[in-house]
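Listed below, chain by chain, are the residues.
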Amino acid sequence: MRITEMHLTPIALGDPPLLNAAGLHAPYCLRTVIELVADNGLRGLAEVPGSAATNAKLAAAREVAIGRDPLNWHALRGALRAHFGTEASASRGDKPWDQRSLVQVESAFDVACLDLAGRAYDLPVATLLGGIVRERVPYSAYLFYKYEGAGGELGFGTDPRATGWAAARQAAALEPAGVVAQAQAMVKEFGFESIKLKGGVFEPAQEVAAIKALREAFGPGVPLRLDPNALWTVETSIEWGRKLEGVLEYLEDPARTQAGMAAVRQAVKLPLATNMCTTSFDDLPGSARHGSEDIILTDHHYWGGLRASMELAAHCRVFGRGVSMHSNNHAGISLAAMTHLGAAMPNLSYALDTHYPWQSEEIVVGGRMKIEGGCVTLPKGPGLGVELDRAALARAHQAFLRCGLTERNDEPEMQKKVPGWKFQATRW
Ligand code: GKR
Ligand code: MG
């Protein structure tokens, strides 16, 4: 098999005004859809976060990929690295999400080549990753503080006819009671059995109060997580982390750096998770040396693909780390890829993150994928098990062209609501 064509389609999907440590989500989240076409007519799909920088590198990778065998991943990845060089782990930056591009390029090719291989041999991607250990992959509810509004064409407006989760999705949630109402609607709709709150938005007392309100509402049987995206100092993390002992399943990235996380971990009896201090293979020796976290959150978009995430899972097994999954806004191709990874990872120890409930559009055939009982069932069919809905893809591409966004930047969005607001790497 040889790769003969590569197509890139940038898309925009409506996204509500969700608050996080870096500011406010824009009314659209950006993604890029990658299609590889092989000489036997098969097509392989992947999806990555949308940004002009990543799209430029993906376009430049076309000349490296055309003519190569999608079944020889080592050769293709080697050629990509020879062409682009490598990216220092420090290029991740200090925002909640990863700023690197090359890992996303590798991820796009890894996923699309696995999809091609699965279609060629009539096997699910999870089988190619080592075998299916679970058909139903558990996800966690992912709560956000938010302003009123639904995003997309509705901007910050709302649809007065909405009911159930659709109504809760557009409602404001700023106080603990609003967070609990959001959680109740999300859990009712999707059946999630664990809950994460995106923190780093308000001062620790307010976010800890929201967690306590969630505990009160859902009881000790529902695991809770809080993620301040490293906006707390080590001292603040210790002070507030102690108040959350016995309450949280894990505290995610309270503080910055592996040394900072290790200091918190020594002082607080609470598992710590990260998608900020240990985010690449280069960081793993430091993770072992410092003992910076209990759980590493992989994300195939940022660790270089599904196969790389399986390598990370093996490291986690050897070094006694739990493993779970980080997310950003995404559509169905990524949800399918995440679910294949979750289905194939023997030591998956926690429900995975997903932003999926925050979107209402879809670009795959069949529309929105189902989350039932908090789980996504492994899609049927070879490869990733999803096909592109060409009309929906074209609509999402038109939305991309109309919205004028070329990268995610939450700071100017926040400034529209709070003039002069500035991102601070450490705030409390
Ligand atoms: O979507 O606003 C967001 C989150 O803050 C996201 O960008 C983070 O990368 O979900 C992420 C996290 O767990 O840090
Ligand atoms: Mg996080």
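Residues numbered from 1 in each chain as written. Chains lettered and ligands numbered in written order. Predicted model: local features only at pLDDT ≥ 70, side-chain atom pairs only at ≥ 80, totals over all residues. Heavy atoms only, no water.

Novice: Can you explain the overall build of the chain? Please cite residues and give values.
Specialist: Along the backbone of the chain there are 15 helices and 14 strands. Expected size for 428 residues packed as a compact globule is a radius of gyration near 22 Å; at 20 Å, the chain falls within 12% of this value. Across its three principal axes, the chain shows a C-alpha extent of roughly 60 × 55 × 40 Å. Here the chain has roughly 15500 Å² of accessible surface; of this, 52% comes from carbon and sulfur atoms. The average position of the 43 basic charges and that of the 47 acidic charges among the side chains of the chain differ by 1 Å. (Helix = DSSP H or I, 4+ residues; strand = E, 2+ residues; numbered from the N terminus. Rg over C-alpha atoms; globule rule 2.2 N^0.38 Å. Areas by Shrake-Rupley, 256 points an atom, 1.4 Å probe, with all protein chains shown as cover. Lys, Arg positive; Asp, Glu negative; His and termini not counted. Charge placed at Lys NZ, Arg CZ, Asp CG, Glu CD.)

Novice: Lay out the coordination of the magnesium ion (ligand 2) in plain terms, naming residues and giving numbers.
Specialist: On the protein side, the magnesium ion (ligand 2) has Asp227 (OD), Glu252 (OE) and Asn275 (OD1) as donor atoms, found 2.0 to 2.2 Å from it. Read from N- to C-terminus, the donor residues coordinating the magnesium ion (ligand 2) fall into the pattern D-x24-E-x22-N. Here aspartate 227 is found in strand 9 (residues 224-227), whereas its partner glutamate 252 is found in strand 10 (residues 250-252), with 25 residues between them in sequence. Taken individually, aspartate 227 and glutamate 252 each receive the classification buried, so the pair is uniform in this respect. (Donors = N, O, S within 2.8 Å, 3.2 Å for Na, K, Ca; no water. Buried < 20%, exposed > 50% of the residue type's maximum accessible area, 1.4 Å probe, protein only.)

Novice: Kindly report on the domain arrangement of the chain, identifying the contributing residues and their values.
Specialist: Looking at the assigned domains, one finds that the chain contains domain 1 (3-122 + 390-402) and domain 2 (127-377). With centres defined by C-alpha atoms, the gap from domain 1 to domain 2 works out at 22 Å. Taken together, the contacts link 46 residues of domain 1 with 53 residues of domain 2. Both sides together, the interface formed by domain 1 and domain 2 hides about 4000 Å², and carbon and sulfur atoms give 62% of it. Three residues, Pro17, Leu19 and Glu47, lead the burial of domain 1 against domain 2; their summed loss comes to 16% of the area buried on that side. At the junction of domain 1 and domain 2, the tally comes to 2 salt bridges. (Domains from an automatic or database assignment. Contact = heavy atoms within 4.5 Å. Buried area = accessible area lost by both parts, 1.4 Å probe. Salt bridge = Lys/Arg side-chain N within 4 Å of Asp/Glu carboxyl O.)

Novice: Outline the side chain of lysine 198, listing residues and values.
Specialist: Within the fold, lysine 198 resides in strand 8 (residues 195-198). Accessibility expressed as a relative area gives 5% for lysine 198, which makes it buried. Engagement of the side chain of lysine 198 in a polar contact is seen with the side chain of tyrosine 142, the distance being 3.2 Å. Setting aside residues no more than four positions away along its own chain, lysine 198 makes contact with Leu19, Asn20, Tyr142, Leu143, Phe144, Tyr145, Asp227 and Asn229. (Polar contact = N/O pair within 3.5 Å; in protein donor to acceptor, adjacent residues only side chain to side chain.)

Novice: Run through the site of ligand 1, naming residues and quoting values.
Specialist: Not every one of the 17 residues close to ligand 1 is listed here, only the nearest: His25, Tyr142, His326, Asn328 and His355. One nitrogen or oxygen atom from the side chain of lysine 196 is found 2.9 Å from an oxygen atom belonging to ligand 1. Within the side chain of histidine 355, a nitrogen or oxygen atom sits 2.7 Å from an oxygen atom of ligand 1. Burial of ligand 1 by the surrounding chains reaches 100%, relative to a free accessible area of 350 Å². Within the residue set of the shell around ligand 1, elements represented by two or more residues are strand 7 (141-144) and strand 8. In terms of residue class, the shell around ligand 1 is made up of 4 nonpolar, 8 polar and 5 charged. (Near = heavy atom within 4 Å. Nonpolar A, V, L, I, M, F, W, Y, C, P; charged D, E, K, R; others polar.)

Novice: Pulling in residues and values, what's your account of the sheet that holds strand 9?
Specialist: One open sheet holds the 7 strands; their spatial order is 7-8-9-10-11-12-13, and the pairing between them is parallel. Of all strands in the sheet, those bounded by a partner on one side alone are strand 7 and strand 13 (322-325). The sheet shows a mean angle of 25° between the axes of neighbouring strands, taken without regard to direction. The pairing of strand 10 with strand 11 (residues 272-274) spans 2 bridges and is classified as parallel. Paired with glutamate 252 across the strands is alanine 273, a residue of strand 11. (Pairing = 2+ DSSP bridges. Axes fitted to C-alpha atoms, helices over the stretch in contact; angles between N-to-C directions.)

Novice: Describe the environment of phenylalanine 109, with residues and values.
Specialist: Looking at the secondary structure, you find phenylalanine 109 in helix 3 (residues 102-121). The exposure class of phenylalanine 109 is buried, given its relative accessible area of 1%. The spacing of phenylalanine 109 and arginine 77 is 32 residues in sequence and 8.2 Å in space, taken between C-alpha atoms. Sequence-distant contacts of phenylalanine 109, defined by excluding residues within four places in its chain, comprise Met6, Leu36, Ala61, Ala65, Trp73, Leu76 and Leu80.

Novice: Describe helix 3, listing the residues and the values that go with them.
Specialist: In this model, helix 3 (20 residues) spans 28 Å end to end at C-alpha, consistent with the 28 Å of a helix rising 1.5 Å per residue. Most of helix 3 is tucked away: 18 of the 20 residues are buried. Positive backbone phi, at 60°, marks aspartate 122, one or two positions downstream of helix 3. (Expected span 1.5 Å × (residues − 1).)

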